[in-house]
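# Remarks on the overall topology
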Amino acid sequence: MPLQVSYMGTKRALASRVSAVIAKAPPGPLLDLFSGICSIASTVAQTRNVWCNDVQHFASTVADSFFTSPILPCNYDQAAELALPPYSLNFDVLTDRFSQALQEEAIALSSLDLSLLQSLEFTTPNISRCSKLKRERELLSENTSTFPYRLFTITFSSGYLGLKQCIQLDSLRYAFDFLLTTSQLDKNQHKWMSLALCQAMSKVSTTTGHFAQFMRVKPNTKKRFISQRRRCVWTEWLKAMHDMSPIGTSSWRSKNRVFCQDANSLLLNLLDASDHPAVIYADPPYTADQYSRYYHLYETLLLYDYPTAEGVGRYRSDRFCSPFSLKTQVQQAMTSLISCSATLGSTLVLSYPERAVLPNSKEFISSLLTYHFGRDWSIQTIDHYHSSLGASKGREKYNATEMIFSAGQRS
């Protein structure tokens, strides 16, 4: 994966098998319709050009930087030298404002006392328990560049992250925007730094493996909780900057494309375009879980828009709801995907499990492919382990049969 973050639904384990199927398609661009963290696009990189699409702003930004960026990111030393002055400015202001809460957090982490650690969730000020901060968030949403930056500090502290860690995140994001507005960075470098900050956040967070819920401190989680809360966002960000590098040559990247749209809307739009992808790879959601809530902190860190927050997880109220995860809409969504792919004249490679929200998935998809592609399609089945999205329903992983359909022309 280009970015080293936890990402549910990735096809990294199946990437080599899927890329072997894609290799049999006619030459030309690959459209990775649900690109996610770009496991498939990375595997086929430079064998053909890639068009990446994802409705999530975070995922499309990953694809944009790694697959289309014309420049290399700043190196470790340059990033630190540029970011430190504005970072320190924002950090010092927030540290002064939340000095008492920071002191309480430091005492709890150093004491190793379970009750003190547990109390942080309910005493650290944030919008989930402070009406004053909630009103402050509403005002900030109207002018998101207000100094000091404090979105994460007042929203997510003592949930997915510690208070000091949130201050570090906000201060780094302020530094990037300051450097951009003062022309010390261009938009590409700004994106590289922001993605490195997403990776840093993933490394320091106290979660169950995703951002749908945060990990509460208990006797059996105390050691990991303390270890994670002591990690420094600045240090992890610089480590991540060291890892940042675009994929392929600049010439190859210049011919790639990135979209940020609903998958079926994009296919409909492409029907009116002058050029079409030679092959479409589709890996639609297959459970009733709406994936957007598993990545909402990444989305918010990049958009930095002080969104309305809902529930214990403080989810974005505007998060995307996929029709592929709704029993009442999945059949129509799958029908539209296959129909548009055939109309585009593209070879379709489709990954989907036998056990999914789509009932009788093997029979339903097979009938659609026969109707739209005739008999020019095939299927492979692979024993595979699917994530249960943090074991929210029991086991962390379960055995499944993954189907890889291929329909249309072959080279």
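Relevant structure appears above.
Let me sum up the structure you'll find in this document. Note that this is a predicted model, so its numbers are computed, not measured. (Residues numbered from 1 in each chain as written. Predicted model: local features only at pLDDT ≥ 70, side-chain atom pairs only at ≥ 80, totals over all residues. Heavy atoms only, no water.)

### Considerations on the overall build of the protein chain
Helix and strand counts for the protein chain come out as 17 helices and 9 strands. Over its C-alpha atoms the protein chain spans a radius of gyration of 22 Å, differing by no more than 12% from the 22 Å that the globule rule assigns to 411 residues. Viewed in the frame of its principal axes, the protein chain has a C-alpha envelope of about 70 × 45 × 35 Å. For the protein chain, long-range pairs separated by at least 24 residues make up 76% of all intrachain contacts whose partners lie at least 6 apart in sequence. Only carbon and sulfur atoms are counted for the fraction: they give 51% of the accessible area of the protein chain, which is about 17400 Å². Here the protein chain carries 41 positive and 34 negative side-chain charges, and the mean point of each set is 6 Å from the other. (Helix = DSSP H or I, 4+ residues; strand = E, 2+ residues; numbered from the N terminus. Rg over C-alpha atoms; globule rule 2.2 N^0.38 Å. Contact = heavy atoms within 4.5 Å. Areas by Shrake-Rupley, 256 points an atom, 1.4 Å probe, with all protein chains shown as cover. Lys, Arg positive; Asp, Glu negative; His and termini not counted. Charge placed at Lys NZ, Arg CZ, Asp CG, Glu CD.)

### Some remarks on helix α3 (residues 57-68)
With 12 residues, α3 extends 15 Å from end C-alpha to end C-alpha; this agrees with the ideal 16 Å at 1.5 Å per step. For α3, every residue scored as buried is listed here: Phe58, Ala59, Ser60, Thr61, Val62, Ala63, Ser65, Phe66, Phe67 and Thr68. Close packing links the buried residues of α3 with α2 (39-44), β2 (50-53), α10 (187-204), α13 (250-253), β3 (257-259) and α15 (296-303). (Expected span 1.5 Å × (residues − 1). Buried < 20%, exposed > 50% of the residue type's maximum accessible area, 1.4 Å probe, protein only.)

### Things to note about the packing of helix α14 (residues 263-270) against helix α16 (residues 330-344)
Between α14 and α16, whose axes approach to 10 Å, the crossing angle comes to 25 degrees. When the axes of α14 and α16 are compared, the pair comes out roughly parallel. Here α14 and α16 pass one another in a crossing that is left-handed. Only Ala333, Ser336, Leu337, Cys340, Ser341 and Leu344 of α16 make contact with α14, whose side of the interface consists of Asn264, Leu267, Leu268 and Leu270. Its residues assigned to classes, the contact of α14 with α16 comprises 7 nonpolar, 3 polar and no charged. (Axes fitted to C-alpha atoms, helices over the stretch in contact; angles between N-to-C directions. Parallel < 35°, antiparallel > 145°, perpendicular 65-115°, else oblique. Left-handed = near helix turned anticlockwise from the far one by under 90°. Nonpolar A, V, L, I, M, F, W, Y, C, P; charged D, E, K, R; others polar.)

### Some thoughts on empty space enclosed by the protein
Scanning the entire structure with this criterion turns up 2 cavities of 30 Å³ or more. What the second largest cavity holds in volume is close to 40 Å³. Considering the residues around the second largest cavity, the lining is formed by Leu151, Thr155, Phe156, Thr300, Tyr306, Pro307, Thr308, Ala309, Arg314, Tyr315 and Arg316. For the lining of the second largest cavity, the elements supplying multiple residues, two or more each, are α8 (151-155) and β6 (315-316). (1 Å grid on protein atoms, 1.4 Å probe; cavity = no way out; pocket = protein on both sides within 12 Å on 5 of 7 lines; lining within 4 Å. Points joined across faces, edges and corners; volume = space filled by probe spheres on them.)

### Let's talk about the nonpolar core
Grouped together as the largest cluster of nonpolar side chains are 87 residues, with contacts concentrated most on Phe58, Phe67, Phe152 and Trp237. If sequence neighbours within four positions are ignored, Phe152 has contacts with Ser157, Leu161, Cys166, Leu169, Asp170, Met201, Leu297, Thr300, Leu301 and Tyr304. Formed by 33 residues, the second largest nonpolar core is a distinct cluster that contains Met334, Ile338, Leu358 and Leu369. (Core = buried A, V, L, I, M, F, W, Y, C linked by side-chain atoms within 4.5 Å.)

### Some remarks on the packing of aromatic side chains
Taken as a whole and assessed by the stated rule, the structure comprises 18 aromatic pairs. When the ring of Tyr87 is compared with that of Trp234, the centres are 4.8 Å apart and the planes differ by 40 degrees; the resulting orientation is tilted. In this pair, Tyr87 sits in helix α4 (residues 76-97) while Trp234 sits in helix α12 (residues 233-243), placing the two residues 147 residues apart along the sequence. What makes Tyr87 buried here is its relative accessible area of 7%. (Phe/Tyr/Trp six-rings, centres within 6.5 Å; stacked < 30°, edge-to-face > 60°.)

### Concerning the environment of Ile382
Along the chain, Ile382 turns up in strand β8 (residues 377-387). Between the alpha carbons of Ile382 and Thr208 there is a distance of 28 Å; along the sequence they are 174 residues apart. Residue contacts for Ile382: discarding those within four places in its chain leaves Leu14, Arg17, Ala400, Thr401, Glu402 and Ile404.

### Considering the packing of helix α5 (residues 99-111) against helix α6 (residues 114-123)
As a packed pair, α5 and α6 sit with axes 8 Å apart at the nearest point and diverge in direction by 155 degrees. On the basis of the axis angle, α5 is roughly antiparallel to α6. As α5 packs across α6, the resulting crossing turns out to be left-handed. Facing α5, whose interface residues are Glu104, Glu105, Ala108, Leu109 and Ser111, α6 presents Leu116, Leu117, Leu120 and Thr123. When its residues are assigned to classes, the contact of α5 with α6 shows 5 nonpolar, 2 polar and 2 charged.

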